[in-house]
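# Remarks on the overall topology
Read off the chains here:
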Amino acid sequence: MSSAEINQLSDNVEKLSVNGSTPVTTTEGSPAPETQKNEVPSSLYVGELDPSVTESELYEIFSPLGPVSSIRVCRDAISKQSLGYAYVNYQNQSDGEKALEELNYALIKGKPCRIMWSQRDPSARKNGAGNIFIKNLHPDIDNKTLHETFSAFGKILSCKIATDAQGNSKGFAFVHYAEAESAKEAIENVNGMLLNDLEVFVGPHILKKDRESKIQELVENFTNIYTKNFPLEWTKEDLEKKFGEFGNVTSLYLATDEAGNSKGFAFVNFENHEDAAKAVEALNNSEHDGKVMYVGRAQKKRERSEQLKKQHEALEQEKINKYQGVNVFVKNLDDSIDEARLKEEFSPYGEITSLVIMKDEAGKSKGFGFVCFSSPEEANKAIAEMHQRIVESKPLFVTLAQRKEVRRNQLSQQIQARNQMRMQQAAVQGNMGQFAAPIFHGQNFMPPMGNRGAPFPGAPNPMMMQQGVPAPNFRVGANGQPVPVYVQPVFNDYQQGRMQQQRFYQNRPNQMQQQRKADESLAQTLARIPVEQHSTFLGNKIYEKIGESQKVDNPEAIGKITGMILTLEQPSIIAALENDDIFNKQLDEAIEAYEAFKKDGNDAPASSEAEQTEN
């Protein structure tokens, strides 16, 4: 070993610290700066964000406190809408601690953000250690106030008040401490305290499965009973005497008004379950002074709400099953048809249990109604015989009635299937846009040539047609020159062997451009037009009518809604085009389904916020 190497080794030995660690050196051999030693990456979770907050806006807020390595606003995979939370990653932990201290609950676009350390280990959140539950909170207490109150007992990893859809407090919250001892100390010191004149309850957080098992145990061994519909003259002493016959009553509460008069219900708590069960069995449905008394197990408000909800859902399902397959929807009714005439038309096909024609506020028919038969066979027979039958010069549309939710789901599924098909076609064709190259009417059209074989100015460029650019239609101007006419495309899905997707443009044949007679109906016009051009003709009419309604101002949305309406059967489309009320009803349903699909067409991925806290 050379003398230079021996001297270098001696210097390094002398620089050893007391705990035996060696100094960190740079590539040149000199010690690294102190700031470089403490650089430990840290990740912060930032919640309660306004949906309009972007990464650049967060960078402007968090970067002044230290170098930020990355920022990510979590978004829905389909709609790309913000989920209301983000992750901010600092290059060292000291900057993250500074941001947590200075920016927690700071206002970002008018909303106080909630910052905490990002917890990647799910076991630390789900084992229950350090988690406490607080209830009976005053509505004015927010996350910041709660954090300041409970931070006195230790380091808080997460703190959140449960809120409803409008952002209002539900009156309970969760706090997760880094140490279990801090949680124990908070329970001992805060439980039973008055916060904003309300006595709060603070206890260990119990997992949902443990709570449910505990509730089931309480149900099976209840001691508290609820009674009502007893004589109003009964006093608290009368109730104690009546229920004392079955065992020792530890407490009894009789509900009274401000004047001290009985409200007719009470709660009675027995010492043991057997006595309470005997009282329920003996006194329930017993008669006193002409009243049938009710006695049963006392239930929590949440349990009663869930039970009533289940009963309501059962009644709704029973109602659906009752009318399933027997309720017939009829539309395109003439204004002169009343319920007596409608019953006369449908009574030959079976027994009609109910019938109604929907009317507006002025009592005028809306052009549709419902006919309910006694059996599905009768309903199917009526549909087969009456569908497209002309009554008072109008073809009826008859089908089984569907609930509004079912129709909306069907329209949403149609939009979703159509978009998936377009995305697949776009993937096949590369970067040619969101949709596949459209099929143009007259795509082999040769532009008119000038004297030297060159196309007239404004004539379609063959290269544009090859690239998928829609070619304009042409009409002859006053000077004999072709004048291009550009029109808005619409979409149409129809059955021809199998479902095909086509985009069509207003390119009417000569016979469509002729002036129709004033008394000519759409059905008569379609009768003298080739069948393959019916969809184009009706699509143009629907597109124009949607534009005239001024309910949709986006050309792309008008095209898609036109395609949705074109999926209906032709008699229904003709009826809608000839009756503004029917058309507006179909248009409103299509717009509603289109907007619902844009927002909730697919299930959004589960929020990562659930990984941050047990609640």
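Below is a summary of the structure that appears in this document. (Residues numbered from 1 in each chain as written. Predicted model: local features only at pLDDT ≥ 70, side-chain atom pairs only at ≥ 80, totals over all residues. Heavy atoms only, no water.)

## Focus on the sheet that holds strand S14 (residues 249-256)
Strand order in this open sheet of 4 strands is S14-S15-S13-S18, and the pairing throughout is antiparallel. Both edges of this open sheet fall to S14 and strand S18 (294-297), since each of them pairs with a single strand only. The average undirected angle you get between the axes of adjacent strands in this sheet is 20°. Bridge analysis of strand S13 (residues 224-228) against S18 gives 4 bridges, and the strand direction is antiparallel. Within the sheet, the bridge partner assigned to isoleucine 225 lies in S18 and is arginine 297. Running over the sheet, helix H9 (residues 236-244) touches S13, S14, strand S15 (262-270) and S18 and is turned about 140° from S14. Its contacts with the sheet place helix H10 (residues 273-283) against S13, S15 and S18, and it is angled at close to 150° to S18. (Pairing = 2+ DSSP bridges. Helix = DSSP H or I, 4+ residues; strand = E, 2+ residues; numbered from the N terminus. Axes fitted to C-alpha atoms, helices over the stretch in contact; angles between N-to-C directions. Contact = heavy atoms within 4.5 Å.)

## Thoughts on the side chain of asparagine 332
Structurally, asparagine 332 is set in the loop between strand S19 (327-331) and helix H12 (339-346). A distance of 2.5 Å separates the side chain of asparagine 332 from the backbone oxygen of proline 395, its partner in a polar contact. When sequence neighbours within four positions are dropped, the list of residues in contact with asparagine 332 reads Gly367, Lys394, Pro395, Leu396, Phe397, Pro571, Ala575 and Ile582. (Polar contact = N/O pair within 3.5 Å; in protein donor to acceptor, adjacent residues only side chain to side chain.)

## Quick notes on the nonpolar core
Residues Ile542, Ile546 and Ile561 are the most contacted members of the largest nonpolar core, which totals 29 residues. When contributions to this core are tallied by element, the ones reaching two or more residues are helix H14 (404-429), helix H17 (522-527), helix H18 (534-549), helix H19 (555-566), helix H20 (570-578) and helix H21 (580-600). At 8 residues, the largest contribution of residues to this core is made by H21. Here isoleucine 546 is in contact with Lys551, Val552, Ile558, Ile561, Thr562, Ile565, Phe583 and Leu587, once residues within four sequence places are set aside. Membership of the second largest hydrophobic core comes to 21 residues, among which are Tyr105, Ile132, Ile156 and Ala186. (Core = buried A, V, L, I, M, F, W, Y, C linked by side-chain atoms within 4.5 Å. Buried < 20%, exposed > 50% of the residue type's maximum accessible area, 1.4 Å probe, protein only.)

## Topic: the sheet that holds strand S1 (residues 42-47)
The 4 strands lie next to each other as S2-S3-S1-S6, forming an open sheet whose pairing is antiparallel. Looking at the sheet topology across the chains shown, the edges are occupied by strand S2 (68-75) and strand S6 (114-117). For this sheet the average axis-to-axis angle between neighbouring strands, irrespective of direction, equals 20°. Alignment of S1 against S6, held across 4 bridges, turns out to be antiparallel. Counterpart to valine 46 in the pairing with S6 is isoleucine 115. Running over the sheet, helix H4 (residues 93-103) touches S1, strand S3 (82-90) and S6 and is turned about 150° from S6.

Any link to function would need more than the numbers given here.
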